[in-house]
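# Coordinates in review
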Amino acid sequence: MSGFLVWFDRNSSKGQRINLCLVFVSLMLSMQALLLSPGIYAAKPSGITVTPVRSRPTLQPGSTSAGSLKITNNTAVVQKLNLSAEHFGVTNENYDYSFTEVGSENWISFTDNSITLQPNQSKELAYKLAVPASASPGGHYFSLMVATQGSNNSTRINEIYRIASMIYLEVSGKIVYKSSLLSLDVPWLTTDKNIPFSVRLANNGNTHEDTRVSVKTETLGINRLGTEKILPNLTLPNTIRI
């Protein structure tokens, strides 16, 4: 038998932390640090890769910022690529992404809207992020899309692959941080080594937040051995995440 401790932390971009919930139930847990085991290595990248995967700038209304993407062709053929920017959001509590056009305000512009990469070639591509003076304070979310060009062969299915670098922009002003733990579902007693549990996190503020659910177990007996599992989440404003 083991003790089960769960708490919810809200970490804002200012480094603040608020403990919001504390629950104690009984269960058992066995965990293995597979990611730290020797002999497990990262696979060689394939296809088209883009870095950084995510960036989180903070800008004033009316200001601009310069950024860059590193695009690599890990294939054995020449790749012609198109670049574009789109808004992104989520459609449900599972955080499935949706993408829409940026619109008339030109938040993002590239030095080149298309590039050609030879096999195993990388290239740095610059872009500019310009915040309109009328932009509302809080989070604004963009995906920098890199897409392959379709085939001109009309007898084949035209396949286009896209990969994105995500921008989590915070526009300065009146920033509201307001996250909460809506629910926590765990069994009060189990013999399963992989403990089933689920949480629902809500962000009712106007910007994105780093939240985490920390699950700590402690064997109830002579040897009080403990393990801890942390589930990090980045929640967007006015969304619920499970």
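Residues numbered from 1 in each chain as written. Predicted model: local features only at pLDDT ≥ 70, side-chain atom pairs only at ≥ 80, totals over all residues. Heavy atoms only, no water.

## Overview of the sheet that holds strand β11 (residues 122–130)
Sheet strands pair via backbone hydrogen bonds, and the direction of the pair is either parallel or antiparallel. The condition is simple: Note on pairing: DSSP must find at least two bridges between two strands before they are called paired. Comment: elements are numbered from the N terminus, with helices defined as DSSP H or I runs of at least four residues and strands as E runs of at least two. Axis geometry follows a simple rule: fit a line to the C-alpha atoms, using only the stretch in contact for helices, then measure angles between N-to-C directions, giving values from 0 to 180 degrees.
One open sheet accounts for four strands, arranged β3-β6-β11-β9; its pairing is antiparallel. Lying at the two open borders of the sheet, with one neighbouring strand each, are β3 (48–51) and β9 (108–110). Averaged over all pairs of adjacent strands, the angle between strand axes in this sheet comes to 30 degrees, irrespective of strand direction.

## Focus: the pairing of strand β7 (residues 79–90)
The pairing of β7 with strand β10 (residues 114–117) spans four bridges and is antiparallel. Of the residues in β10, the one forming a bridge with Asn82 is Ser114. Bridge analysis of β7 against strand β12 (residues 138–148) gives seven bridges, and the strand direction is antiparallel. For Leu83, the partnering residue across the bridge sits in β12 and is Val146. In terms of strand pairing, β7 meets strand β8 (residues 97–101) through five bridges, oriented antiparallel. Bridge pairing in β8 places Val90 opposite Tyr97. Where β7 folds back on β8, the antiparallel hairpin that results is connected by six residues, among which Tyr95 adopts a positive phi of roughly 65 degrees.

## Comments concerning the confidence of the model for the protein chain
Low-confidence regions, as indicated by low pLDDT, have predicted coordinates that should not be scrutinised in detail. Rules: Note: pLDDT gives the predictor's confidence per residue, expressed from 0 to 100. Residue contacts follow a heavy-atom distance rule, with two residues in contact if any of their heavy atoms lie within 4.5 Å.
Here the protein chain averages 78 in pLDDT, while 67% of its residues score no lower than 70. Put simply, strand β2 (residues 17–27) is where the protein chain has its lowest mean pLDDT, 35, and strand β5 (residues 58–59) is where it has its highest, 98. Throughout residues 1–7 the model reports pLDDT below 50, and contacts reaching past four residues in sequence, or to other chains, amount to 48 contacts. Counting contacts from residues 12–42, a segment whose pLDDT is below 50, to residues more than four positions away or on other chains yields 70 contacts.

## Comments concerning the environment of Asn82
This is how it is decided: Pairing of N or O atoms within 3.5 Å defines a polar contact, subject to two protein rules: one partner must be a possible hydrogen donor and the other a possible acceptor, and residues neighboring in sequence count only if both atoms are side-chain atoms.
As for its position among the elements, Asn82 is in strand β7. Distance from Asn82 to Thr116, taken between C-alpha atoms, is 9.0 Å for residues 34 residues apart in sequence. If near-sequence neighbours (up to four positions away) are discounted, Asn82 is found in contact with Asn113, Ser114, Met145, Val146, Ala147 and Gln149. Here Gln149 takes part through its side chain, which lies 3.0 Å from a polar atom of the side chain of Asn82.

## Digging into the side chain of Ser172
For clarity, the cut-off: Here the term buried applies to any residue with accessible area under 20% of the maximum for its type, exposed to any over 50%, and partly exposed to those in between, with areas from a 1.4 Å probe on protein chains only.
Locating Ser172 in the fold gives a position in the loop between β13 (162–171) and β14 (179–185). The class for Ser172 is buried, based on a relative accessible area of 19%. Once residues within four sequence positions are removed from consideration, Ser172 is found in contact with Thr58, Leu59, Gln60, Pro61 and Pro137.

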